[in-house]
Amino acid sequence: MARYLITGIAGFIGSTLAHALVKQGHEVAGIDNLSTGSLDNLADIRHQISFEQMDLQDVAGVKSACGGIDFILHQGAVASVPRSVKDPLGSHESNVNGTLNLLIAARDAKVRRIVYAASSSAYGDQPTQPKQEDMPPLPLSPYAVQKLTCEYYIQSFFLAYGLEGICLRYFNIFGPRQAADSPYSGVIAQFTYKMMARETPTIFGDGLTSRDFNYVDNAVSANLQACLAPSAVATGRVFNIGTGKSHTLNEVYFAIAGHLGFTGKPNYGPPREGDIKHSLADINRATKELGYQPKAGFHEGLGKTVAWYLAEREKSPVAVVQR
Ligand code: NAD
Ligand code: UD1
């Protein structure tokens, strides 16, 4: 049994990690400022974890949260590209200043390893597909710059202080518990939520924009494998966490519509600022060095995801609307 600290534990990926670790019998502590996360995501394990509402920039609080921790799974961030375009300073404070504060606390507390939720947005719009980790980065949005900056901080904390770190460049993660009700929510969550309400979602651009959509259980496995990987790979190195397959927004739209029996044709709007056109992962490095395998495919994951949103609506129609 190990002691884990999950930042952003009340968010989509953080709460899914917490459920997996509790199930395996680990000790789980978490912090979150509840800016986009919700304690509803932790309701069924709330008594099995310790949680503190805290901002990543809280120097004393984060220092105390790192005491006695073996592994940090660092998910806390303002996770939206368009939100960073709208508020670059605010997202920088959470994403970069918060991470630096966490790294200093982790170093001082002699945490064994930090696993960081990095982003495929670091690659930008380079035409070469699939994206490989050794390509030069080309961040387009403030968010992408922030996520990449933290990779460099993690590498520097290994070089300067010996703090072990692994950066998992998630491609688009989707699944149960992803917030659906904000214009900044992920596309699969938004489309599902709107179609359930019999509203027609808008596809930004021509519908041919594509992403390597990866079901959340695959990201959870990658985090757990990253904690167990030999020290030689925990030197601040970067790993793509995708599936190696991509789907266009048109495909996503009609797949969700099929699950929900929604017959409306999509609205098309202008492309979104800061957007990347295509994104596809080469996952060979993670497969070879972490033992990562994306077991859940897109269609299986999508089926489970849509079923989850439907079940949530059944449980509490109002809560689903308000989250
Ligand atoms: P999310 O918004 O559901 O979770 C982020 C959590 O961090 C939220 O609970 C939020 O309240 C919390 N948070 C934000 N700022 C904070 C701060 N300053 N202090 C404390 N807590 C703070 O998003 P998610 O999709 O679960 O993303 C988790 C991580 O994965 C993020 O770091 C994101 O950048 C990264 N990521 C996500 C994806 C994806 O497709 N979802 C892809 C690549 C990388
Ligand atoms: C997502 C993540 C980001 C992560 C990145 C890594 C979220 C909210 N964002 O960014 O944290 O670092 O993947 O790959 O999880 N779209 C529409 N209509 C909508 C909403 C979105 O057409 O109503 C389009 C967007 O313009 C974009 C695509 O869908 O082209 C995906 O958007 P989104 O889900 O926001 O994800 P990314 O911006 O790729």
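Reading the values: rules and limits
- Residues numbered from 1 in each chain as written.
- Chains lettered and ligands numbered in written order.
- Predicted model: local features only at pLDDT ≥ 70, side-chain atom pairs only at ≥ 80, totals over all residues.
- Heavy atoms only, no water.
- Helix = DSSP H or I, 4+ residues; strand = E, 2+ residues; numbered from the N terminus.
- Rg over C-alpha atoms; globule rule 2.2 N^0.38 Å.
- Buried < 20%, exposed > 50% of the residue type's maximum accessible area, 1.4 Å probe, protein only.
- Contact = heavy atoms within 4.5 Å.
- Areas by Shrake-Rupley, 256 points an atom, 1.4 Å probe, with all protein chains shown as cover.
- Lys, Arg positive; Asp, Glu negative; His and termini not counted.
- Charge placed at Lys NZ, Arg CZ, Asp CG, Glu CD.
- Expected span 1.5 Å × (residues − 1).
- Salt bridge = Lys/Arg side-chain N within 4 Å of Asp/Glu carboxyl O.
- Near = heavy atom within 4 Å.
- Polar contact = N/O pair within 3.5 Å; in protein donor to acceptor, adjacent residues only side chain to side chain.
- Pairing = 2+ DSSP bridges.
- Axes fitted to C-alpha atoms, helices over the stretch in contact; angles between N-to-C directions.
- Domains from an automatic or database assignment.
- Buried area = accessible area lost by both parts, 1.4 Å probe.
- Core = buried A, V, L, I, M, F, W, Y, C linked by side-chain atoms within 4.5 Å.

### Focus on the overall build of the protein chain
Helix and strand content of the protein chain: 11 helices and 13 strands. For 323 residues, the compact-globule estimate of 2.2 N^0.38 gives 20 Å, and the C-alpha radius of gyration of the protein chain, at 19 Å, lies within 12% of that figure. Judged by the C-alpha coordinates and their principal axes, the protein chain covers about 55 × 45 × 35 Å. Out of the 323 residues belonging to the protein chain, those deemed buried represent 55%. When contacts within the protein chain are restricted to residue pairs at least 6 apart in sequence, long-range pairs at least 24 apart make up 80% of them. When the accessible area of the protein chain is evaluated, it comes to approximately 13,600 Å², of which 55% is carbon and sulfur surface. Each charge class in the protein chain was averaged separately, 29 positive and 29 negative side chains, and the resulting centres sit 3 Å apart.

### Quick notes on helix α8 (residues 249–260)
Between its first and last C-alpha, α8 extends 17 Å over 12 residues, near the 16 Å set by a 1.5 Å rise per residue. What α8 keeps buried is the set Leu-249, Asn-250, Val-252, Tyr-253, Ala-255, Ile-256, Ala-257 and Leu-260. Along its buried surface, α8 packs onto α6 (187–196), β8 (202–204), β12 (247–248), β13 (267–269) and α10 (298–315). Downstream of α8 by one or two residues, Gly-261 has phi in the positive range, about 65°.

### Notes on the pattern of salt bridges
When their charged atoms lie close together, side chains carrying opposite charge are able to pair. For the structure shown, the criterion picks out 11 salt bridges. One salt bridge connects Glu-27 with Arg-3, and the closest N-O pair in it is separated by 2.5 Å. Separated by 24 residues along the polypeptide, Glu-27 in strand β2 (residues 27–32) and Arg-3 in strand β1 (residues 3–7) bring together distant segments of the chain. For Arg-3, a relative accessible area of 24% gives the class partly exposed. Here Lys-304 makes a salt bridge to Glu-300, at a shortest N to O gap of 3.3 Å. Of this pair, Lys-304 and Glu-300 both sit in helix α10, four residues apart, which is roughly one turn of the helix.

### Some remarks on the site of ligand 1
Neighbouring residues of ligand 1: 28 residues in total, closest Asp-32, Thr-36, Tyr-143, Lys-147 and Ile-173. Within the backbone of Gly-11, one N or O atom sits 3.0 Å away from an oxygen atom of ligand 1. The separation between a nitrogen atom of ligand 1 and a polar main-chain atom of Asn-33 is 3.1 Å. Alone, ligand 1 offers 820 Å² of accessible surface; in the complex the protein occludes 93% of this. Contributing elements (two or more residues each) for the shell around ligand 1: α1 (12–23), β5 (113–119) and α5 (142–161).

### Thoughts on the pairing of strand β4 (residues 71–74)
Side chains Phe-71 and Leu-73 project from β4 onto one buried face, and the interleaved Ile-72 and His-74 project onto a second face that is buried too. Strand direction decides the pairing type here: β1 and β4, joined by four bridges, are parallel. Bridging across to β4, Ile-6 finds its partner in Leu-73. Both β4 and β5 contribute to a ladder of four bridges, which runs parallel.

### A look at the sheet that holds strand β11 (residues 235–241)
With parallel pairing, the seven strands of this open sheet are ordered in space as β3-β2-β1-β4-β5-β6-β11. In the strand order of this sheet, the two ends are held by β3 (50–53) and β11, each with one partner. Each neighbouring strand pair of the sheet contributes to a mean axis angle of 15°, computed without reference to strand direction.

### Brief notes about the domain arrangement of the protein chain
By domain assignment, the protein chain separates into domain 1 (3–173 + 216–241) and domain 2 (175–211 + 245–279 + 296–322). The centre of domain 1, based on its C-alpha atoms, is set 24 Å off from the matching centre of domain 2. Approximately 1,700 Å² of surface area, both sides summed, lies buried where domain 1 meets domain 2, with 52% of it carried by carbon and sulfur atoms. Across the domain 1-domain 2 interface, the total number found is zero salt bridges. Inspection of the domain 1/domain 2 interface yields six residue pairs in polar contact (both at pLDDT 80 or more). Elements with a contribution of two residues or more to the side of domain 1 that touches domain 2: α1, α3 (81–86) and α7 (216–228).

### Notes on the side chain of Ser-279
Within the secondary structure, Ser-279 is located in the loop between β13 and α9 (284–290). Overall, the relative accessible area of 6% leaves Ser-279 in the buried class. With near-sequence residues (within four places) excluded, Ser-279 lies in contact with Ser-120, Gln-129, Phe-171, Ser-210, Arg-211, Asp-212 and Ser-246.

### Details of the nonpolar core
If you look at the biggest cluster of nonpolar residues, it comprises 70 residues, and the most contacted ones within it are Ile-166, Leu-168, Ile-256 and Leu-290. The two domains that each donate at least three residues to this core are domain 1 (3–173 + 216–241) and domain 2 (175–211 + 245–279 + 296–322). Apart from residues no more than four positions distant in its own chain, Ile-256 is found in contact with Ile-188, Phe-191, Thr-192, Met-195, Leu-302 and Val-306.

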